[in-house]
Amino acid sequence: MEGKKKELKSKKFRKNVMLEVDKDKDVKNLAKQRGEKESTIINEALGEYFSKRMSTKFIAFLNQKGGVGKSTSAQSVSIALSKLGKRVLAIDVDPQGNFTKGLGAYAPEMPSVYELLKGEIAPEKTIITREGIDIIPADLRLSQFEYLELPGKEFLLKNRLSQFDFSKYDYIVFDCAPSFGKLNLGVLAMVHSIYVPIQTEYYAMEGVTQLLQTIEMGRNLLMNKELTLKGVFATMYDNRRNLDKAALDKITEFFGDKLMNTKIRRNIKLAEAPARHESIFAYDPSSNGAKDYMNLAKEIIAREENSDNE
């Protein structure tokens, strides 16, 4: 009857996840009636759960190519956001663990995102703090994830984090793996914005089409309508080299206003900082690297806040 409140009940469908369904329907019946897979119904419910936290920004740094400054960018932007007054949780989902190791956060047998994904530990138990940000760390154990025989692996990260209180953070920052496996699909299932670092070199645009297709797959197959390529930025840029200028012209032509104004200049300090287990802001706050990443963080904040007003 119209206007009458529907009585709801809670139904457990996976470990640590609750789904509210109509009293006379369960997941299987609802999936059958709608002609959809049960996983689609479950993910839709998870999407509704996460939508309650829209004030928290979920962003990811993604590029399937290695060596483009992805982890350096994720780490440096995270700490810059913190210095700008934002509360940040960084989640390392790159098995190389460079985000984690670069801040001296690695320790043998430490609780990590791998144990979290396997359901062996609660998210709160994995968090460590470095330079003003909280981190869920990663190491090489995470490389075993692709071989785990678990159903719905592309939704597993979202599943495991569904009961975590994100409201105490302004930004959740993911450092993705340099690949397009189930780990990255898990990130694409739950983030709002993708930021892509591209090195200004001859092969700068290699794999871009596949990258865009993967983002579109996240929007459609993973039922994440909030997923957007929010920005692309140049890394290791040297304005003295014609090659860099030519590569930047190609990136600009292809991405248009997706290309961010900030360019991360080639800077030896950015390479030295991880060896000291420090961010660029702790190692040399006056360096070009620190200045560039601070500007990039400000630009990201502007883009995220503008999207709220659209």
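Above this note sits the structure.
Presented here is a report on the structure given in the accompanying data block. (Residues numbered from 1 in each chain as written. Predicted model: local features only at pLDDT ≥ 70, side-chain atom pairs only at ≥ 80, totals over all residues. Heavy atoms only, no water.)

## Re unusual backbone geometry
Part 1 of the argument: Even without glycine at this site, Met223 takes up a positive phi of about 60°.
Part 2 of the argument: Relative to the helices and strands, Met223 resides in the loop between α8 (208-220) and β9 (228-237).
Part 3 of the argument: Look at Met223 and you get partly exposed, because its relative accessible area is 35%.
Part 4 of the argument: Positioned with a positive phi, His277 is a non-glycine residue whose angle comes to about 60°.
Part 5 of the argument: The residue His277 is located in the loop between α10 (268-272) and α11 (280-283) in this model. (Helix = DSSP H or I, 4+ residues; strand = E, 2+ residues; numbered from the N terminus. Buried < 20%, exposed > 50% of the residue type's maximum accessible area, 1.4 Å probe, protein only.)

## Brief notes about the pairing of strand β3 (residues 57-61)
Part 1 of the argument: Of all five residues making up β3, five are buried, and the element is well covered by its neighbours.
Part 2 of the argument: By the alternation rule, side chains of β3 split into Lys57, Ile59 and Phe61 and Phe58 and Ala60, which are all buried.
Part 3 of the argument: As paired strands, β3 and strand β7 (residues 171-175) are joined by five bridges and run parallel to one another. Residue pairing in the sheet places Ala60 in a bridge with Phe174 of β7.
Part 4 of the argument: As paired elements, β3 and strand β8 (residues 193-199) share three bridges and run parallel to each other. Considered in β8, the bridge of Ala60 is made with Ile194. (Pairing = 2+ DSSP bridges.)

## Some thoughts on α8
Part 1 of the argument: The end-to-end C-alpha separation of α8 is 19 Å, in line with the 18 Å expected for 13 residues at 1.5 Å each.
Part 2 of the argument: Those residues of α8 that fall on the buried side of the exposure criterion are Val208, Leu211, Thr214, Ile215 and Gly218. For α8, the arc enclosing every buried residue in end-on projection is 120°, short of the 170-degree limit, so these residues lie on one face. Exposed and facing more than 90 degrees away from the buried side of α8 are Thr209 and Gln213. (Expected span 1.5 Å × (residues − 1). Arc of directions from axis to C-beta.)

## Some words on the side chain of Asp284
Part 1 of the argument: When you line up the elements, Asp284 lands in the loop between α11 and α12 (288-309).
Part 2 of the argument: When its relative accessible area of 16% is taken as the criterion, Asp284 is described as buried.
Part 3 of the argument: At 2.9 Å, the side chain of Asp284 and the side chain of Ser286 are in polar contact.
Part 4 of the argument: Residue contacts for Asp284: discarding those within four places in its chain leaves Lys269 and Ala290. (Polar contact = N/O pair within 3.5 Å; in protein donor to acceptor, adjacent residues only side chain to side chain. Contact = heavy atoms within 4.5 Å.)

## Observations regarding the sheet that holds β7
Part 1 of the argument: If you walk across this open sheet you meet the eight strands as β5-β6-β4-β7-β3-β8-β9-β10, and the pairing is mixed. Each having just a single partner strand, β5 (128-130) and β10 (259-265) make up the two edges of the open sheet. When the angles between neighbouring strand axes are averaged without regard to direction, this sheet yields 25°.
Part 2 of the argument: Here β8 pairs with β9 via seven bridges, running parallel. Paired with Ser193 across the strands is Thr228, a residue of β9. (Axes fitted to C-alpha atoms, helices over the stretch in contact; angles between N-to-C directions.)

## Notes on the pairing of strand β6 (residues 133-136)
Part 1 of the argument: What you see with β6 is no split at all: Ile133 and Ile135 on one side and Asp134 and Ile136 on the other are buried throughout.
Part 2 of the argument: Of the pairings in the sheet, the one linking strand β4 (residues 88-92) to β6 comprises three bridges and is parallel in character. Note that in β6 the partner of Ala90 across the bridge is Ile135.
Part 3 of the argument: With three bridges joining them, β5 and β6 adopt antiparallel strand pairing. Across the sheet, the residue bridging to Thr129 is Asp134, located in β6.

## Some details on empty space enclosed by the protein
Part 1 of the argument: Counting across every chain of the model gives three cavities of 30 Å³ or more.
Part 2 of the argument: Forming the walls of the largest cavity are Val93, Leu117, Phe145, Lys153, Leu157, Lys182, Leu183 and Gly186.
Part 3 of the argument: Among the elements that make up the lining of the largest cavity, the one with the highest residue count is helix α7 (residues 182-188) (three residues).
Part 4 of the argument: Of the residues that constitute the lining of the largest cavity, the class distribution is five nonpolar, one polar and two charged.
Part 5 of the argument: Size it by volume and the second largest cavity reaches roughly 40 Å³.
Part 6 of the argument: Surrounding the second largest cavity, Asn63, Gln64, Lys65, Val196, Ile198, Ala204, Glu206, Gly207, Val208 and Leu211 form its lining. (1 Å grid on protein atoms, 1.4 Å probe; cavity = no way out; pocket = protein on both sides within 12 Å on 5 of 7 lines; lining within 4 Å. Points joined across faces, edges and corners; volume = space filled by probe spheres on them. Nonpolar A, V, L, I, M, F, W, Y, C, P; charged D, E, K, R; others polar.)

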